[in-house]
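Each chain is listed here by its residues.
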There are 4 protein chains.
Amino acid sequence: MAGILKFSGLLGFSSGREESLKRAARRDAAKAIGLCRALLSEGGEAAGTRLAGEALHLYESFQSSARDAFFDLLAEDFSPNPQKILEAADAYRKDMGPRNLQRLERAVEAPRQELFRRLNTVPGGTRSLVHMRAAMLSTLAQNAHWEPIASDLSHLLTSWFNRGFLVLQRIDWHTPAVILEKLIEYEAVHQIQGWPDLRRRLERDRRCYGFFHPALPDEPLIFIEVALTRGMSSQVQPLLDPQASVTDPASADHAMFYSITNCQEGLRGVAFGSFLIKQVVEDLRGSFPRLRRFATVSPVPRFRKWLAANLGTLESLPKFADLVRLAPRLEEAAWFKNEEHCAELRNLLIPLCAYYLLHARHEAEPLDPVARFHLKNGASLERINWLGDTSITGRERSAGLMTNYVYRLSDVEGNHERYVRDHEIAASHEVKALAKRVTSGAKAAGVRPPG
Amino acid sequence: MAGILKFSGLLGFSSGREESLKRAARRDAAKAIGLCRALLSEGGEAAGTRLAGEALHLYESFQSSARDAFFDLLAEDFSPNPQKILEAADAYRKDMGPRNLQRLERAVEAPRQELFRRLNTVPGGTRSLVHMRAAMLSTLAQNAHWEPIASDLSHLLTSWFNRGFLVLQRIDWHTPAVILEKLIEYEAVHQIQGWPDLRRRLERDRRCYGFFHPALPDEPLIFIEVALTRGMSSQVQPLLDPQASVTDPASADHAMFYSITNCQEGLRGVAFGSFLIKQVVEDLRGSFPRLRRFATVSPVPRFRKWLAANLGTLESLPKFADLVRLAPRLEEAAWFKNEEHCAELRNLLIPLCAYYLLHARHEAEPLDPVARFHLKNGASLERINWLGDTSITGRERSAGLMTNYVYRLSDVEGNHERYVRDHEIAASHEVKALAKRVTSGAKAAGVRPPG
Amino acid sequence: MAGILKFSGLLGFSSGREESLKRAARRDAAKAIGLCRALLSEGGEAAGTRLAGEALHLYESFQSSARDAFFDLLAEDFSPNPQKILEAADAYRKDMGPRNLQRLERAVEAPRQELFRRLNTVPGGTRSLVHMRAAMLSTLAQNAHWEPIASDLSHLLTSWFNRGFLVLQRIDWHTPAVILEKLIEYEAVHQIQGWPDLRRRLERDRRCYGFFHPALPDEPLIFIEVALTRGMSSQVQPLLDPQASVTDPASADHAMFYSITNCQEGLRGVAFGSFLIKQVVEDLRGSFPRLRRFATVSPVPRFRKWLAANLGTLESLPKFADLVRLAPRLEEAAWFKNEEHCAELRNLLIPLCAYYLLHARHEAEPLDPVARFHLKNGASLERINWLGDTSITGRERSAGLMTNYVYRLSDVEGNHERYVRDHEIAASHEVKALAKRVTSGAKAAGVRPPG
Amino acid sequence: MAGILKFSGLLGFSSGREESLKRAARRDAAKAIGLCRALLSEGGEAAGTRLAGEALHLYESFQSSARDAFFDLLAEDFSPNPQKILEAADAYRKDMGPRNLQRLERAVEAPRQELFRRLNTVPGGTRSLVHMRAAMLSTLAQNAHWEPIASDLSHLLTSWFNRGFLVLQRIDWHTPAVILEKLIEYEAVHQIQGWPDLRRRLERDRRCYGFFHPALPDEPLIFIEVALTRGMSSQVQPLLDPQASVTDPASADHAMFYSITNCQEGLRGVAFGSFLIKQVVEDLRGSFPRLRRFATVSPVPRFRKWLAANLGTLESLPKFADLVRLAPRLEEAAWFKNEEHCAELRNLLIPLCAYYLLHARHEAEPLDPVARFHLKNGASLERINWLGDTSITGRERSAGLMTNYVYRLSDVEGNHERYVRDHEIAASHEVKALAKRVTSGAKAAGVRPPG
């Protein structure tokens, strides 16, 4: 009994305290919303930048509870007026002239959009709004009623971060530290192990470029890392080695794109990558006329998952019967150092990966997200490399394989168009031939190949 | 008969040639529109910047006939689909949830907006779109069917030229010539008579600031000219004199804003002025702590017109009976040099001008556009100056009068709010007392004062 | 008598006033010299920048009389101590070791040099010293006792304005006006007629480059003007025409250097020109790979003078007997528009000019200063152009002729070496053949050719 | 015998190989010297920058043996001609006019100086010469015959790195990494432990400034680190703590200079420190008007050495008899953590340090190099802090003591002058009173105090 009393006492205390914190959070959120309302009122125009500054300053001080309350209020308030929408729709139905169309347009646009435009007028406003969307997206799954706010922000940010406003900048050892530390923070594909690692990636046989927006001068939006090499790299570890000796970039004939990183969670869905790759190709061609190929060293991040899910079907194919016996080896820590295992696995995995990349689809598009990105950009799948990435991540996701996608400027538009129109994948003869081993095997076995 | 035949022959020839030119123009316009369509198609994404570049390049080569044809096609095409709008409106009427709202939003947004966003992706795209709107506005009165295009462009440009993206820059003799020549070209209030005049306006007892957008680095969007003076200037000519000796700005106690110029016709309606004035006040306060007043020397550009229109009513007021006799003198070339005439006119015109500024309204707002601008910004009407601008324009529009509007940072928000809410005009006792001479005269005479 | 008395009275007054002004000037000069002495004293080090600033500020306020007095005092004072020099020389004679050499070095260096180094420590110091030397050079002929000061300044400035510290900058319409107005001010070869003329010279088929020193960021030290043309220009007027239509620089095959201007009188004798031309050639080659020749369009500024002085000898040569008859025509205002006169003059003057450029010497070097400059730089004399410069100056000095010197990078070092070692002039066959007409004529006539 | 043979064989081999390496080194050195000679020859002027570039490129490839050989040849050659010096001295003795003085000046100036000026004309030349002097200084003690070269270089570099050409730059987290890594490399007073430590030192409650020369844009010449604090810091460890929380700089009343580092060994003897401190004080005063004192936290690096050398004398003083017993404790690793020991030591060491700083001299100047630097700059010795630096270095050199020198702008010039003229040391009453305990003790004991 005493224990229970105590417990409920604790609960009571706790919930009392929690309640009071929640109240404070709601109060803060309400105060910020009050400023937002004043900012949108006509009389508040002269006080606009002051009000916007205060509202954002307050918002930035919020813990998650106040922020959630603020988003809740933003979702309730600042939405379009349904009555006005219906009236405008009626008017439009009667007369579909431009005046009524405009009336309807205005009626459906959430006042929230104008609110965000006014919040943007203060220094640092754009950054705050980008961060606001990031915060929202992080718990959107649990707060479906925020969708309209996220959508309004998305609409604005897509317009504001239009390619025409972005600036391509080369990033090297002359770049301010405040930007360089962001690379270390954001790089997710092949993590940067501190400043010496970063320094090596910015040597003269490497190139790094980023897109920047004038309103966020210290923040790369996306950046890409390139190695200038002789020959097309089949493995990523040598490119990442901080001790690798620096070579003369003038003698390179390949530009290998080995990492591309989107930096701003708040700009998720705003597509920069395709623009960036193409402009970097242009820039490199100008600087190094000897470069004759622009290619990626890319992971195949869903391959292992797909393999596991389709093991049953695959082992029924004539040439892949050993798969069930061999696949568990991939779980071993050092399988890739065992030459015998490697030889056996290689013969199975490379054709399977080719098949996976060309045929495993989700609603007509390739299952593999990296393939989707480069193929949609107009690149061509050139080669699959054995032991291309022997890092833990590389083994866990891609079975250690790495692919090369090639960007041939003359083919990019055609490849893209065929991809978008017919979901046709541009690939080398070699890769196609590898994939055929699986499909012909399936045909021979009378088995429906895995999808 | 012969004559008539000949004439119709000429006409035939002329109209034949004209017709063929028109056909060519339509062909060119159609070609550009074709590129625009390809640009909007999904398959054209990889070719996006190429297509956008070609479309804009073609557009920029257009003479007015092709441009008009292009706008006509833009208006026909790229508009929202009425059927889809009606369906979306119906769906929304049944269920007003966010999904249906978003569907309706998308249905009403003209594809033209996405087209403009894609055209903007190429270098120089923003500039082209700003110029496109300028070209459109110049003949919009004759082409009402372009309204929706102009409105779509306006919507985008307002969003893109948000205050948060503008950069305040001081303009002085260290500024690149490519920008300085724009000042000479654009300044309309008090024209700049070539480079020596410009140079004087950029000396150390003058300040010039402009707003710039990162996508148009060589183009001021708006600029303001300031003189640092001792005392509040009552006349503009001394400020404009290229021979005026340069004074020490550190000893100034007034900052006189004597000209503010919007430069981009294509951004008409995007309001920069209020932001600019306030930020310039902030900047000057930081640089010159001795400044104790920030004021304008402004024209009263509709005063003469109003005076002419209300002459009948005004002469019936007791103290203004001489008006009909004296008013024609304003037509004389050198009236302002005639001391006797001046003395008589001054006594009549200054109170009338005070009355005009405080009471002459159009739908609750002041008739005078300059008054509207500064009063809405939160300034206060401080003083009316006799022979403040003796230039031809100054005499023709403002009867040579100049006003001082004062920006007191502590009052700006309150003034603005009262103006917007109650149409109340902030003015000095002196100006109010002057205006009262007219209203009390009217009351005494039992006359309805002019409005 | 009274008149005479009065007159002498006036004189007395005048000379009294003059005397008092002179005294004031001497007082000011002495005060500045006092500051200089304090600046050089050991105890004044902490006060160094203050003292240097005060001294230069005072100096800059000087009228010519105070400045002359200041230079006089600088010449008297701050010179090396002869006694110490002699003692150091004696010590060196006994023991020529490094210690005694250094002692002698220090004894001969004027303390003035250290003074100038300390004056240079303040902002604007370098500019002041450059101007100081300019002022000194302007009246050095009348003040031979200033020679040592001028020489000390020259020594320092030559060291400070070493090529390694200069920055090559392209000058175009994006250059700040404060620099552009200096071009208008300084250009002496082909004067710039205001801003529109300047603007044409900076269009995209023209190039302008200057050397700048970081301590004088707004001051070009020297600048060169280049036209990108098809074919080698034979005349300068078309290049100078502000109305000339702008051509596509990418199609040019010649870079014509039509003007080179030293800007700082205070840096007279510090040679920048040769460095500038070579670096501009490098830069242009990089930007325009189609350029196949880099040449000048240059005047022959001493030709007319030489012609007049050698008329007697020249007319005794067989082919030049008409010279005395024809030469006076050059005095006529519009001779160059008279086709008949031109035909006759051309046949005489072009060979004579070729002879003049190749053979008229002053102590082994060419008499013509422009020839001296380009030939010493390693250029080759390529062509002499009839009516190449029909401006007044062009006719008065060069008889309207213009030369092309060509800079072939592969020949420049060899040409220079042969010029410096053997005074050999690099010239085309054509020019040599023209000159031979005069020398063979002289030989035939048994006349000593003019020198 | 066999062993001996073998040995001598080895020796022979070794010395043979060594000999051949030496020959190669001499050959390389001779080649570089040949380029230098060509560079100085008159005919080589047009080839100047090419020759200079080749010579420096070759020099930079040298190992120490070739470099030494190069310096040897530089010392032999490129020296003034003694015969010409003697003749010029004789001429001067007969006629001490300016012409003969100039002749003597030219005769004593080593052609080496002109050589260095010409080497400087190529990009990177200045940097090469600075590094050349650094290399020379590092082994100058063993190569006294290089003294004249080092002296010539010193003369030139002092002139080229004149304060007037230096640029003060604030260094913070926006500074390019290429510069920041130099701070980590060079900081010697309080070593920087990697990038996180550096980042803390560049936070907003810290300031870092450096002098830069335009010809070495990526190289700080000297930099200073400042902490903005409340109150005058008595200990350096809290300032160095990377975990210390960041405070609001606007609330600081003291600027504490805790480290100043000369970066370029090749510029040893060129004094930047005094200029830097004064300009930083100016800059900070402008940015933070609340700062009321500018002071250092400085070590006393020779104190322990002096203490050890004078132990005998000191213990004979009445109040310092315990010294011999207590001094050895300073050798213990953690004495400063022992409160009892500290209490005893403190009473002895603080007065002794005050005495040491005020009275221990070397040729009239303070023995302590840090005291010499700040006192000569015009600072005043304000306070001696117990356990001001408990690092190993701090204990080993300064017995853990730290001093505060204060820079009062109004006193700096006077302090400096008295210091230079009379070797008078500016110090607070407190410090003087502490020192008096030692002097009066010595007088009382009839002992000559240590010097």
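Just so it is clear, the model here is predicted, and its values are computed rather than measured.

J.: Please give an account of the overall build of chain A that cites residues and values.
T.: A tally of helices and strands in chain A yields 20 helices and 9 strands. Overall, chain A is about 75 × 70 × 60 Å in size when its C-alpha atoms are taken along their principal axes. In chain A, which comprises 451 residues, the proportion classed as buried is 51%. Considering only contacts within chain A whose residues lie at least 6 apart along the sequence, 74% involve residues at least 24 apart.

J.: Run through the interface of chain B and chain A, naming residues and quoting values.
T.: Of the residues lining the interface, 50 residues belong to chain B; the matching set on chain A comes to 51 residues. Of the roughly 4,200 Å² buried at the junction of chain B and chain A (both faces included), carbon and sulfur atoms supply 60%. Summed over the shared surface of chain B and chain A, the number is 4 salt bridges. One salt bridge in this structure joins Arg93(B) and Asp90(A), with 2.6 Å as the shortest N-O distance. For the pair chain B and chain A, the interface holds 12 residue pairs in polar contact (both at pLDDT 80 or more). When contributions to the side of chain B that touches chain A are tallied by element, the ones reaching two or more residues are α2 (48–60), α4 (82–94), α5 (98–108), α8 (147–160), α12 (273–287) and α19 (409–422) of chain B. Per-element tally for the side of chain B that touches chain A: the top contributor is α4(B), with 7 residues.

J.: I'd like a rundown of the relation of the copies chain A and chain D, residues and numbers included.
T.: When chain A is fitted to chain D, the residual RMSD is 0.1 Å, and the transformation amounts to a turn of 180 degrees plus an axial shift of 0.0 Å. On this basis, the relationship between the two copies can be described by a two-fold rotation axis. No C-alpha of chain A approaches the rotation axis more nearly than that of Pro176(A), which lies at 1.9 Å. When you check the interface residues of chain A against chain D, 100% turn up at the interface there too, and the contact is symmetric in its surfaces.

J.: Tell me what's going on with the relation of the copies chain B and chain A, and back it up with residues and numbers.
T.: Once turned by 180 degrees and shifted 0.0 Å along the axis, chain B lies on chain A with an RMSD of 0.1 Å. A high fraction, 100%, of the interface residues of chain B reappear at the interface in chain A, so the copies pair face to face through one surface.

J.: So, the packing of helix α16 (residues 339–359) of chain B against helix α20 (residues 429–445) of chain B: which residues are in play, and what are the values?
T.: All names here are of chain B. Two elements in contact, α16 and α20, have axes whose closest approach is 7 Å; the angle formed by their N-to-C orientations is 95 degrees. With respect to α20, the axis of α16 lies roughly perpendicular. Contacts between α16 and α20 involve Ile350, Pro351, Leu352, Ala354, Tyr355, Leu358 and His359 on the former and, on the latter, Val431, Lys432, Leu434, Ala435, Arg437, Val438 and Thr439. Taken together, the residues of the contact of α16 with α20 break down into 10 nonpolar, 2 polar and 2 charged.

J.: So, the pairing of strand β4 (residues 254–262) of chain D: which residues are in play, and what are the values?
T.: Residue and element names in this part refer to chain D. Across the 9 residues of β4, 7 count as buried, placing the element largely inside the fold. As paired elements, strand β3 (residues 222–229) and β4 share 8 bridges and run antiparallel to each other. Of the residues in β4, the one forming a bridge with Glu225 is Ser259. As defined by bridge partners, β4 adjoins strand β5 (residues 293–296) across 4 bridges and the pair is classed as parallel. Across the sheet, His254 pairs through a bridge with Arg293, a residue of β5.

J.: Talk me through the side chain of Arg200(A); I want residue IDs and the actual numbers.
T.: Note on placement: Arg200(A) falls in helix α10 (residues 195–201). Leaving out residues up to four positions away in the same chain, Arg200(A) has contacts with Asp205(A), Arg206(A), Asp241(A), Pro242(A), Ala244(A), Ser245(A) and Val246(A).

J.: Provide a residue-level description of the domain arrangement of chain A, including the pertinent values.
T.: Partitioning chain A into domains gives domain 1 (10–160), domain 2 (164–296) and domain 3 (299–445). Relative to domain 3 of chain A, the C-alpha centre of domain 1 of chain A lies at a distance of 45 Å.

J.: Mind laying out the side chain of Gln113(C), listing which residues take part and the relevant values?
T.: Within the secondary structure, Gln113(C) sits in helix α6 (residues 111–119). Classification of Gln113(C) as buried rests on a relative accessible area of 4%.

What counts and what doesn't
- All chains use their own residue numbering, which begins from 1 and follows the written sequence.
- The naming scheme follows written order: chains are lettered A onward, ligands numbered 1 onward.
- Two thresholds apply to this predicted model, a pLDDT of at least 70 for residue-level local features and 80 or more for giving and counting side-chain atom pairs, whereas whole-chain, interface and lining totals are computed over all residues.
- Remark: hydrogens and water are excluded; side-chain values derive from all non-hydrogen atoms of the structure.
- The secondary structure listing takes helices from DSSP runs of H or I that are at least 4 residues long and strands from runs of E that are at least 2 residues long, numbered from the N terminus.
- Each residue gets one of three labels from its accessible area relative to the maximum for its type: buried under 20%, exposed over 50%, partly exposed in between, using a 1.4 Å probe on protein chains only.
- The contact criterion used is simple: two residues touch if any of their non-hydrogen atoms lie within 4.5 Å.
- Computed with a 1.4 Å rolling probe, the buried area is the accessible surface lost when two parts are put together, summed over both parts.
- A side-chain nitrogen of Lys or Arg and a carboxyl oxygen of Asp or Glu constitute a salt bridge if their distance falls within 4 Å.
- The term polar contact refers here to a pair of N or O atoms within 3.5 Å; inside protein, the definition further demands a hydrogen-donor-capable atom paired with an acceptor-capable atom, and it admits residues adjacent in sequence only when both atoms are side-chain atoms.
- Least squares is the method used to superpose the copies, on C-alpha atoms of residues holding a pLDDT of at least 70 in both.
- Here the axes come from fitting lines to C-alpha atoms, over the contacting stretch only for helices, and the angles between their N-to-C directions go from 0 to 180 degrees.
- Roughly parallel covers angles under 35 degrees, roughly antiparallel covers those over 145, roughly perpendicular covers 65 to 115, and oblique covers all other angles.
- In this count, Pro and Cys sit with the nonpolar residues alongside Ala, Val, Leu, Ile, Met, Phe, Trp and Tyr, while Asp, Glu, Lys and Arg are called charged and the others, Gly among them, polar.
- Strands qualify as paired when DSSP identifies two bridges or more between them.
- In this entry, domain limits derive from an automatic or database-based domain assignment.

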